Every structure is written in structure tokens, then in C-alpha cells.
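Each chain, letter by letter, is given below.
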Amino acid sequence: MAQENSFKKRKITTVDDGGGLLESLPGDILTDIFSRLPISSLAKLMFVCRSWRSILTTQHGLVSSSCSSDKKPCLLLHCDSPIRNGLHFLDLSEEEKRIKTKKFTLRFASSMPEFDVVGSCNGLLCLSDSLYNDSLYLYNPFTTNSLELPECSNKYHDQELVFGFGFHQKTKEYKVVKIVYFRGSSSSYRGRGRIQYKQSEVQVLTLPTRRDQSLSWRSLGKAPYKFMKRPTEALVNGRLHFVTRPRRHVPDRKFVSFDLEDEEFREIPKPDCGGLNRINHRLVNLKGCLSAVVYGNYGKLDIWVMKSYGVKESWGKEYSIGTYVPKGLKQSSDRPMWIWKNAENGKVVRVLCVLENGEILLEYKSRVLVSYDPKLGKFKDLVVQGMPNWFHTVVHVGTLSWLDTPLDL
């Protein structure tokens, strides 16, 4: 009650701060109000006046206004039809009946007509050119800040790339990792229906925290492992995680981390669930823990969670999800079971995150979003206005941060 009376006694004045007449509220009250708003609203409020922009973009304001989280994420839908150059936004913190998509306009689309999402970290996206593999951009879709990263001096004519992007809490540094597999002086050879590259190089780019810092790639030498050709799937404890590619003489798949602090590769113990060398699996960050999604027949999957990072005994099977065919996929085919082709490769269903209510968010066949209630064993298709026909979902923490104003998480 005393706090309420104190608030009523405060004098409210109006000021002209370049954005019109506004009620001048104390900064702590504005910060508390901003912390309750969705990121899409905060992005608009940045342009109301200089004082509001200052509150929203200061280090304290950024932490308080980081409304999206692992519990209430915003989703970015990378659209790939007819070409991979669309980016839509979906905020699950909205009321269900009001959820709809919003399309972003990329200012650098002319220089990078098609792109892949390398990773999302602290509100920033790392995008790579999917046509020529030459360009890399850092981008905040809500503030439209972007930065084109320099090309690496060591370029190879015939190459295969694996990317990673992340932030380390201790060093406060963002880094982009590029693992290049190439022919080298000797010719490549074809094995198991695909070209095998004998040579490799690990390249790292540390992103600047000040505008006056320069950008340059560093070589860490040869890659100690052959990884699957896809971006890293889990950033946990300041480490990027990869899954190795099985080979004829080395059939054992491994979980490997890359520490963004000391830039060393290390093997991570796998769960004792059996069959990981034969059955495909993917790694994901669920509620801050490294998790392994193990695929079975017809879209069935088990989710194992490492509750204590690096401790093999802490692996435990947390979820088992059965077969499900979303309505949208049933309507698109006379034979619904066609969607289970290559299900063991994880191409049918992707585990995205765990929502605040404990439900698991899933993406089916790059066309439908589904929530799964593990307590009731029930599935629910998410019906959203303006959904693209084909998309790849990126779980994103929407913020107003940029490199020279890093988040202090």
C-alpha cells in the first residue's frame, strides 16, 4: 500500500524527446513494464523516443526485456519454398487465438539470395550463403542490425562445410566455427555413394564486442573428427556439439563438443540406450541440458537427457513419443504412411523445445508444428495464421542486443 501511495504522489510531466509528447515515467517502472511485453512490441517501442530506446538497449534493460525464453520461446521459420530466403516470426507467448506469423524483410537479400541458418544465440542469428558458401552474416531480425563477416583467406574449390555459432559466458565472446573438408593435393574418392574428402581445416572467427575491433579468421589446423554435414544442434555450457559421421573402419558414432573458451574438441559420453551406431540421433538443448533424440521406426522417438553435464551416469530417458500423423499431412496424401520414409534419419519429426506447460514442441516434415503432452500422451496440431507451406523452425530468444551491447546472462 505504501508503494502504491508513493507512486500516486509522483509528479507526471510531459517531455518532447524527438518522438512527441510522452508521459515521463521513472526508469525502473518502465523497465518493469517492458519486461512484460513480447519482443515484437519492444522492437517497435525502440523507435518511440530516445529515452525509451536507451532503457531498452542498455545492458540492464536488455536482460529485463528478454521476454522470450526456453519456456516461452519465439520461433523463427526459415522458409524454403520456392527458394530458401524467407524468414517468419512466430511468438508463442501470445494467446493461442491471436498467434500469427510475421515476415521479416532482410536488407542484405540481394547479396545473399538464399541462406541457411547456422545458429541462434542471445537473439542473434548467424546465416550462411547456401548457394556459394562465401558469405556469412550476423543478424538481429528485431532490430535489423546486420554484419557481413569477412571471407576466409583459405578457400578451396571443392569443399564440404560444417558450421557452428555460439557465445561463452565466461569470455563474453561470440564465435563462428567453420569446419572445412576438402580434397587437398590428392583427389577425393567416392565411397558409399558420396564423395569422401581426405583433408580438413578448422577455422574460427571471434566476433567483436566493440565497433573498433577488427575481424579475422584463425586456423586451428586439421579437424580431429568427421562430422555430419549439418549445423551444430546444441549449445550447452559454452560448448557447441556435433555428431560424428560413421565410416567403414570407424563405425562408432561419437558425441563431440567444441569449447568456445579454449577451442578444444572433446568427446562426450553417450547414453547407454543401445543402437546409437545404427540408429540416427540428433542433439538438442532442452531446458539447458544436453539431450539426445533417438529415432525409431515410423516416427517413434526417445529423448535422453544429461542432467549433469559431462557425467555419463546422469543420462536418463525422460520422454518416449509414439507415432503421430498430423492432420495437415493426412490431407496432403492419399497414403499418409508415405511420410515415414527415412524416418530413422530424423527427417520426419524434429524436437524443438519444452514449453512452459511441460509440453514438447515438435516439427513434422517441415510443414506442421505439433505440441505433445507427455503426461496425457496427447498430440495437438498448432493452427497458426500465415504459416508458410515449407519451413525449418529455429528456437530463438528474441532480444534487442547487438555485439557492442552483449547480454550479461
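Preceding this section is the structure that the text describes.
Residues numbered from 1 in each chain as written. Predicted model: local features only at pLDDT ≥ 70, side-chain atom pairs only at ≥ 80, totals over all residues. Heavy atoms only, no water.

## A word on the overall build of the protein chain
Helix and strand content of the protein chain: six helices and 28 strands. The burial tally for the protein chain puts 48% of its 409 residues in the buried class. Looking at the protein chain alone, contacts between residues at least 24 apart form 52% of all its contacts between residues at least 6 apart. (Helix = DSSP H or I, 4+ residues; strand = E, 2+ residues; numbered from the N terminus. Buried < 20%, exposed > 50% of the residue type's maximum accessible area, 1.4 Å probe, protein only. Contact = heavy atoms within 4.5 Å.)

## Quick notes on the environment of Gly328
Along the chain, the position of Gly328 falls in helix α6 (residues 327–330). Residue Gly328 is classed as partly exposed on the basis of its relative accessible area, which comes to 33%. Sequence spacing of Gly328 and Arg367 is 39 residues, and the spatial spacing of their C-alpha atoms is 7.9 Å. Once residues within four sequence positions are removed from consideration, Gly328 is found in contact with Val368 and Asp381.

## Focus on the pattern of salt bridges
This structure, assessed with the given rule, holds 15 salt bridges. Two residues, Glu267 and Lys254, come together in a salt bridge whose shortest N-O distance is 3.8 Å. With a gap of 13 residues between them, Glu267 in strand β19 (residues 265–268) and Lys254 in the loop between β17 (239–243) and β18 (255–259) connect regions that are remote in the sequence. Here Glu267 falls in the partly exposed class, since its relative accessible area comes to 43%. Judged by its relative accessible area of 23%, Lys254 falls in the partly exposed class. With its nearest N and O atoms 3.1 Å apart, the salt bridge here joins Arg350 to Glu363. Pair noted here: Arg350 is in strand β24 (residues 349–354) and Glu363 is in strand β25 (residues 360–364), with a separation of 13 residues, a long-range link. Residues Arg350 and Glu363 agree in their burial class; the two are buried. If you follow the salt bridges from partner to partner, you end up with Glu173, Lys175, Arg218 and Glu263 in one network. (Salt bridge = Lys/Arg side-chain N within 4 Å of Asp/Glu carboxyl O.)

## What about the side chain of Lys270?
Position of Lys270 among the secondary structure elements: in the loop between β19 and β20 (281–286). We classify Lys270 as buried; its relative accessible area is 18%. From its side chain, Lys270 meets the backbone oxygen of Arg253 in a polar contact 2.6 Å long. (Polar contact = N/O pair within 3.5 Å; in protein donor to acceptor, adjacent residues only side chain to side chain.)

## Quick word on unusual backbone geometry
In this structure, Asn122 takes a positive phi of about 55 degrees despite not being glycine. Note that Asn122 resides in the loop between β6 (115–121) and β7 (124–129). The backbone of Lys365 shows a phi angle near 55 degrees, a positive value even though the residue is not glycine. On the basis of relative accessibility, which here comes to 18%, the residue Lys365 falls in the buried class.

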